[in-house]
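Here is how the chains run, residue by residue.
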Amino acid sequence: MRNYLVRFSVDHPRWVIALTMLLTALFLLPFPRIETDTDPKHMLPETSPVRVHNDQVEEQFALHADWIALGIVNEQGIFNPRTLGRIARITDQILALKGVIARDVASFTTVDHVLAEGEALTVRPLLTEVPQTAEAMAAFKKALFDNPIFVERLISKDGKATAIYVPIEKTANGKEIAEAIRAIAEREGGEERYYVAGDPVARDTFGAGMFAQMGVFAPIAGMVMFLVLYLMFHSLLLAISIMAVAMISVIWSMGLLIGLGFPVHIMSSMIPVFLMAISTDSIHIFNELCFRFKEVKNKRQAILDTMAVVGAPVSSTAFAAAAGFGSLALIAHIVPVRVFGAFVAFGTLVIRLMSFSLIPAIMILVKEERLLRLSGHEGVEESRATRWLSRLGQASVRHRKAIVVAGLLLFLAGAIGTSQIHINNNMVSWFKKHSEVRQADTAMNDLLGGTSTAYLVAVADAEEAMKRPEVLHYLEGLQRDLEALPAVGKTTSLADIAKRLNRVMHQDDPAYETIPESQEVIAQYLFLFGMAAKPSDLDNFVDYPYQRANIWLQLKTWDATAMRQVLERVQAYEAAHPPPGLEFEPAGIAYFNMVWNDEVLYDMLRGFGLAAVLVFLVVIANFRSLRWGLLGFVPFTFTLVLIYGVIGFIGKDFDMPISVLSTLSLGMAIDFAIHFVNRFKQRYAEDPVVEQTLVWTTTRPGKGILRNALLFALGFSSMAFASLTPYITVGVLVAALMLLSALFTLVYLSALVSLLRGWLLKAQPRPANT
């Protein structure tokens, strides 16, 4: 089938090119409907227990999934009429924004302030009018700092910062609302600094940034690769053909993804990157063609001979990569991981289809005199690169023992570094430190309780349990224990409300800032508060049967590890202080991020394991040997361990962008090994002298491997200048991956084959002079 397709393409090149262009145009049609989705909740299936539980908690406690926080900082203090006037005007304008849930916006002018009038409770806004006298300002300041619920949420301890918390509708775009809030703040001006933070801000800003990065750096990488290809082959048509294969695979894959109704997530946004990496394997075809045409001097025959000798390794690398990525689609729980795996696998097969159709069709259109000039630069006599590779092959054989020992030492060092890897995920850290999103989040976390939200739901064994003093004391004790964690900025619960009500009902005496010791008194206070306050003031913290209570946590970091520390602390506290008939269930965006982080990494680990097995089987089938299959895995193993070792030593978090590179490393490192071993065995059958065959393999197919590695490393090193760190990570690590994979294949594999010839090639006698 493969040979028939090649012959048809050579005989009917214009038909093949026209059909390819027509199909590509059809796959472009869905692109105007492209959508992004960076909401972590949508990463899990709708039936996921974590997602269902999280939705239930939000419904039970009238909580909002998305909040935006506007931080307002005045280094001279916010307690002056000008600053408070601006806060009041900004709040009024925010309340009028489309997509904002106005009834639950928390600001000085909207939050409830509880007062006692006789035996009744009265609730009014904390700030009804801007204080104009020193006495009025002092009274407002006292009202703020006397209420622990407000401190580090609405007012910083030093009195220099406040925040307006803006809940938004589920369908609202956080980036657009954040920009509207920034515009309102900028119009107010003044000496204050303004910071807009929150999960929807980072999430939707990142979603918009994905398109910007894809639109800028993918073309730049393509242009760099095109220039490198032209410099390598001195042929515009050959350079265009390789880039055309890359672009066609991207268009077909992304067009199918969009056409089937899938949104673009952070992982699927990397599909073009992976497909461009895989498509560079086509360079082996042109590399061999240049050598082959110099030998046969007949274009058609050179093309057919080239496809005959490289067809098997090219097919095997395609099936290996498709099997590796396809495994993610089969076993992953996270929806974006499944989508990513499925469409990269599809794109890989498209690349291979183009390798046996479009590329032969383009090659036959190249003039013979042009091919003759190209092939004239490939010999040892004419090419410095070829001479260098020949010397490299000779050195690898001559110093095989030293090379193998050095490789083992590097592997050991990499293994030590890998053991120090810190697994974590933090979407805010995907922005550079100087970015507006990162700076706002850092400032808000430094000044107030924190921008990341989590919930701990206490579930009692009976109704009315949350009115019992011992239960509220337990919640309070757990809160103080959790607040000892550096990542926990503030906690609020029903216990804090009970304490506040007790003080208010005793003429605001600080001595009564305690939990009442009578269940009847607590019940009376909560009843009065529920009648006077906004529904959400109580609903956010307790259900009406009083069997479930919510501890609201503000975390000072979006690190997934922070939530894990909270859960470990809760377990430790429960073990040291057995709860009075209570169980605790985590929820909230911080918890969801932790689960999502774990699920993604677990999926990638499982997918990587299955991919390794499937690729190993493909390699064994291709080599027809278990021993050669094991040998073929050496460059991949050494490359991966060394890169991860460096990650561990430098202390970079092992996050989602890094985890997905494991599968790419498997595909690319095995790609090089498949080409090397296949061509070695082909040559060895013609010239059964190990040293000569190894030098030939390093020189001729090795030039294709080197070209492949340099092409992609140079192209994607441009991503190091991206504004989003996942793209920087991908660019730098892919460049390192390609170069190391090529190095271990050309040098280490040569040394191993030479050293283990007796095990690999039993029929081959050892020459007397070695």
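Let me sum up the structure you'll find in this document. Everything numeric in this text was worked out from a predicted model, so none of it was measured. (Residues numbered from 1 in each chain as written. Predicted model: local features only at pLDDT ≥ 70, side-chain atom pairs only at ≥ 80, totals over all residues. Heavy atoms only, no water.)

### Structural notes on the sheet that holds strand S8 (residues 488-492)
- One open sheet holds the four strands; their spatial order is S8-S9-S7-S10, and the pairing between them is antiparallel. Sheet topology places S8 and strand S10 (582-587) at the edges, where each strand pairs with a single neighbour. On average, each strand axis in the sheet is inclined to that of its neighbour by 25°, with strand direction left out of account.
- Note: S8 against strand S9 (residues 548-555), four bridges, orientation antiparallel. Residue pairing for S9: valine 488 is matched across the bridge by leucine 555.
- With respect to the sheet, helix H3 (residues 49-60) is in contact with strand S7 (452-460), S9 and S10, its orientation differing from that of S10 by roughly 105°.
- Across the sheet, helix H23 (residues 589-623) is in contact with S7, S9 and S10; its angle to S7 comes to roughly 100°. (Pairing = 2+ DSSP bridges. Helix = DSSP H or I, 4+ residues; strand = E, 2+ residues; numbered from the N terminus. Axes fitted to C-alpha atoms, helices over the stretch in contact; angles between N-to-C directions. Contact = heavy atoms within 4.5 Å.)

### Some thoughts on helix H4 (residues 81-95)
- Along its 15 residues, H4 runs 21 Å from first to last C-alpha, staying within 8% of the 21 Å computed at 1.5 Å per residue.
- Considered for burial, the residues of H4 that qualify are Thr83, Leu84, Gly85, Arg86, Ile87, Ala88, Ile90, Thr91 and Ile94.
- Where the residues of H4 are buried, they touch strand S1 (66-73), helix H5 (134-145), strand S4 (161-168), helix H6 (174-188) and strand S5 (193-197).
- The N-terminus of H4 is capped by asparagine 80, whose side-chain oxygen sits 3.1 Å from the backbone nitrogen of arginine 82. (Expected span 1.5 Å × (residues − 1). Buried < 20%, exposed > 50% of the residue type's maximum accessible area, 1.4 Å probe, protein only. Polar contact = N/O pair within 3.5 Å; in protein donor to acceptor, adjacent residues only side chain to side chain.)

### Here we look at empty space enclosed by the protein
- Inspection of every chain in the model, using the stated rule, returns nine cavities of 30 Å³ or more.
- In this structure, the largest cavity encloses a volume near 550 Å³.
- Forming the boundary of the largest cavity are 30 residues, of which Val111, Ile149, Arg153, Asp537 and Phe541 lie nearest the centre.
- Looking at the lining of the largest cavity, the elements with two or more residues in it are strand S2 (112-117), S8, helix H19 (494-504), helix H21 (535-539) and S9.
- Approximately 260 Å³ is the volume found for the second largest cavity.
- Forming the boundary of the second largest cavity are 26 residues, of which Trp67, Thr451, Thr453, Trp558 and Ile589 lie nearest the centre.
- Among the elements of the structure, H3, S1, helix H7 (199-233), S7 and S9 are those that each provide at least two residues to the lining of the second largest cavity.
- It is S1 that provides the largest number of residues to the lining of the second largest cavity, a total of four residues. (1 Å grid on protein atoms, 1.4 Å probe; cavity = no way out; pocket = protein on both sides within 12 Å on 5 of 7 lines; lining within 4 Å. Points joined across faces, edges and corners; volume = space filled by probe spheres on them.)

### Here's the deal with a nonpolar patch on the surface
- Judged by side-chain polarity, Leu19, Leu22, Leu23, Leu26 and Leu29 come together as a nonpolar surface patch covering roughly 480 Å² of accessible area.
- Position of leucine 29 relative to the elements: it lies in the loop between helix H2 (13-28) and H3. (Patch = residues over 30% accessible without salt bridge, like charges linked within 9 Å, V, L, I, M, F, W, Y side chains within 5 Å. Areas by Shrake-Rupley, 256 points an atom, 1.4 Å probe, with all protein chains shown as cover. Salt bridge = Lys/Arg side-chain N within 4 Å of Asp/Glu carboxyl O.)

### Focus on the layout of surface pockets
- Within this model, the second largest pocket holds a volume of roughly 380 Å³.
- Lining the second largest pocket we find 18 residues, and of these Met214, Ala218, Pro219, Met247 and Val250 sit closest to its centre.
- Elements with a minimum of two residues in the lining of the second largest pocket: H7, helix H8 (236-259) and helix H9 (271-279).
- Among the elements that make up the lining of the second largest pocket, the one with the highest residue count is H7 (eight residues).
- Of the residues in the lining of the second largest pocket, the class split is 16 nonpolar, two polar and no charged. (Nonpolar A, V, L, I, M, F, W, Y, C, P; charged D, E, K, R; others polar.)

### With respect to unusual backbone geometry
- Phi at alanine 62 is positive, roughly 50°, even though this residue is not glycine.
- One non-glycine residue, glutamine 507, lies in the positive phi region at around 55°.
- Take glutamine 507: it is sitting in the loop between H19 and helix H20 (519-532).
- For glutamine 507, a relative accessible area of 71% puts it in the exposed group.

### Overview of the nonpolar core
- Counting residues in each nonpolar core, the largest one holds 257 residues, and the members touching the most others are Phe108, Met466 and Val566.
- Counting residues per element, this core draws most heavily on H23, which supplies 17 residues. (Core = buried A, V, L, I, M, F, W, Y, C linked by side-chain atoms within 4.5 Å.)

### Some details on the environment of lysine 367
- Within the secondary structure, lysine 367 is located in the loop between helix H13 (358-365) and helix H14 (368-375).
- The sequence separation of lysine 367 and tryptophan 252 amounts to 115 residues, and the corresponding C-alpha distance is 30 Å.

### Observations regarding the pattern of salt bridges
- Applying the stated criterion across every chain, the model contains 33 salt bridges.
- For arginine 292, the salt bridge identified is with glutamate 288, shortest N-O distance 2.9 Å. You can see arginine 292 and its partner glutamate 288 sitting in helix H10 (residues 283-296), four residues apart, about one turn around the helix.
- Among the ionic contacts, a cluster of salt bridges with common partners joins Lys142, Asp146, Arg500, Arg503, Asp508 and Glu513.

### Quick notes on the sheet that holds S1
- Spatially, the three strands line up as an open sheet ordered S4-S1-S5, and their pairing is antiparallel. The sheet is open, and its two edges are formed by S4 and S5, each paired on a single side. Neighbour-to-neighbour, the strand axes of the sheet open up by a mean angle of 20°, direction not taken into account.
- Bridge analysis of S1 against S4 gives eight bridges, and the strand direction is antiparallel. Its bridge partner being in S4, aspartate 66 is matched across the sheet by isoleucine 168.
- Seen against the sheet, H7 touches S1, S4 and S5 and runs at an angle of roughly 105° to S1.

### Remarks on the packing of helix H11 (residues 299-331) against H23
- Interaxial distance between H11 and H23 falls to 8 Å at its minimum, and their mutual angle equals 155°. Classified by the angle their axes make, H11 and H23 are roughly antiparallel. The element H11 and its partner H23 pack so that their crossing is right-handed. Where H11 abuts H23, its residues Ala312, Ser316, Phe319, Ala320, Ala323, Gly324, Ser327, Leu328 and Ile331 lie against Asp603, Met604, Arg606, Gly607, Leu610, Ala611, Leu614, Val615, Val618 and Asn622. (Parallel < 35°, antiparallel > 145°, perpendicular 65-115°, else oblique. Left-handed = near helix turned anticlockwise from the far one by under 90°.)

### Notes on the side chain of aspartate 104
- Tracing the backbone through its elements, the reader meets aspartate 104 in the loop between H4 and S2.
- Only 2.7 Å separates the side chain of aspartate 104 from the side chain of histidine 64, close enough to count as a polar contact.
- The contacts of aspartate 104, once residues within four sequence positions are left out, are His64, Trp67, Tyr165, Pro167 and Ser536.

### Side note on the packing of aromatic side chains
- Tallied over the entire structure, the rule returns 23 aromatic pairs.
- Measuring from centroid to centroid gives 6.0 Å for phenylalanine 79 and phenylalanine 145, while their planes differ by 45°, and the two rings are tilted. With phenylalanine 79 in the loop between S1 and H4 and phenylalanine 145 in helix H5, this pair connects stretches of sequence that are 66 residues apart.
- Assessed through its relative accessible area of 29%, phenylalanine 145 is described here as partly exposed.
- On the basis of an interplanar angle of 65° and a centroid distance of 5.4 Å, the ring pair of tyrosine 474 and tyrosine 573 is categorised as edge-to-face. Of this pair, tyrosine 474 sits in helix H18 (residues 469-482) while tyrosine 573 sits in helix H22 (residues 560-576), and the two are 99 residues apart along the sequence.
- When its relative accessible area of 7% is taken as the criterion, tyrosine 474 is described as buried.
- A connected cluster of aromatic rings, assembled from ring pairs, spans Trp67, Tyr455, Phe541 and Trp552.
- The ring of tyrosine 165 carries the charged tip of arginine 153 above its face, separated from the ring centre by 4.1 Å. (Phe/Tyr/Trp six-rings, centres within 6.5 Å; stacked < 30°, edge-to-face > 60°. Lys NZ or Arg CZ within 6 Å of the ring centre and 35° of its normal.)

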